[in-house]
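# Observations on chain architecture
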Amino acid sequence: AGGRGEQGLRRCGCELPMGYEAGMFIWARLPAGVKGEQLAEAGLKRGMVFAPGALFGYEPGLHDFMRFNVAHCDDPRVCNAIEQLLR
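Per chain, residue numbering runs from 1 following the sequence as it is written. pLDDT decides what is reported in this predicted model: residues at 70 or higher carry local features, side-chain atom pairs at 80 or more are listed and counted, and totals for whole chains, interfaces and linings draw on all residues regardless. Only heavy atoms go into the side-chain values, all of them from the structure, while hydrogens and water stay out.

The next subject is the pairing of strand E3 (residues 65–69). Paired strands are those between which DSSP finds at least two bridges. Helix and strand definitions here come from DSSP, where helices need a minimum of 4 consecutive H or I residues and strands a minimum of 2 consecutive E residues; each element is numbered from the N-terminal end. With five bridges joining them, strand E1 (residues 25–29) and E3 adopt antiparallel strand pairing. Counterpart to Arg29 in the pairing with E3 is Phe65. With two bridges connecting them, strand E2 (residues 51–52) and E3 associate as antiparallel partners. Looking at E3, one finds that Pro52 is bridged to Met66.

Strand pairing in a sheet relies on backbone hydrogen bonds, with the paired strands running either antiparallel or parallel. The three strands are arranged E1-E3-E2 in an open sheet whose pairing can be described as antiparallel. If you trace the sheet from one side to the other, it starts and ends with E1 and E2, each paired once. The strands that helix H2 (residues 36–45) touches are E2 and E3; relative to E3, the one it contacts most, it runs at about 50°. Contact between two residues is taken to exist if any of their heavy atoms lie within 4.5 Å; hydrogens are not considered. Fitting a line to C-alpha atoms yields each axis, with helices limited to the stretch in contact; the angle taken between N-to-C directions then spans 0 to 180 degrees.

In terms of nonpolar packing, the biggest core is built from 19 residues, with Leu9, Phe50, Phe68 and Ile82 touching the most fellow members. Of all the elements in the fold, those that place two or more residues in this core are E1, H2, E3, helix H3 (70–73) and helix H4 (76–86). Top element by residues in this core is H4. It accounts for four residues. The residues contacting Leu9, other than those within four sequence positions of it, are Cys14, Leu16, Ile26, Ala28, Phe68, Cys73 and Ile82. To form a nonpolar core, buried Ala, Val, Leu, Ile, Met, Phe, Trp, Tyr and Cys residues must be joined to one another through side-chain atoms within 4.5 Å. A 1.4 Å probe rolled over the protein chains alone gives each residue an accessible area, and that area as a share of the maximum for its type sets the label: buried under 20%, exposed over 50%, partly exposed in between.

Within H4, the full set of buried residues consists of Val78, Cys79, Ala81, Ile82 and Leu85. In a view along the axis of H4, the buried residues occupy a sector of 160°, so they form one face of it. The outward face of H4, more than 90 degrees from its buried face, is lined by the exposed residues Pro76 and Arg77. When we speak of the arc, we mean the arc of directions from the helix axis to the C-beta atoms.

This part takes up the state of the cysteines. Two cysteine sulfurs form a disulfide in these notes if their separation is within 2.5 Å. In this structure the tally under the stated criterion is zero disulfides. Cys12 provides the cysteine sulfur closest to Cys14, a residue in no disulfide bond, and the two sulfurs are 5.8 Å apart.

Salt bridges are identified by distance alone: a Lys or Arg side-chain nitrogen within 4 Å of an Asp or Glu carboxyl oxygen. Evaluation of the coordinates by the stated rule reveals three salt bridges. Between Glu15 and Arg29 there is a salt bridge, and its shortest N-O distance comes to 3.2 Å. Highlighted residues: Glu15 in the loop between helix H1 (2–11) and E1 and Arg29 in strand E1, separated in sequence by 14 residues. Residue Arg29 is classed as partly exposed on the basis of its relative accessible area of 30%. Salt-bridge contacts for Lys35 lead to Asp64; the nearest nitrogen and oxygen are separated by 2.7 Å.

Such coordinate-based values are descriptive only and should not be taken to indicate function.
Next comes the structure, spelled out in structure tokens:
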């Protein structure tokens, strides 16, 4: 699931600076100018729950990240929702 999820997130304009080797989560840097909290709020209005990086620490750079569950990030609906929310 990680490989397909990584490809989908990259197609959405996300970067994966840490890559993915194993585990339950993929950390992705959102496209420039997109803050995780804003994307998560927009997602909630569409019935989707996202985990913005700022929930997991206080470092300012975490606002640019989102943590995705590997089991769900290869679902085409996730990438489609992200692309729509970024428009």
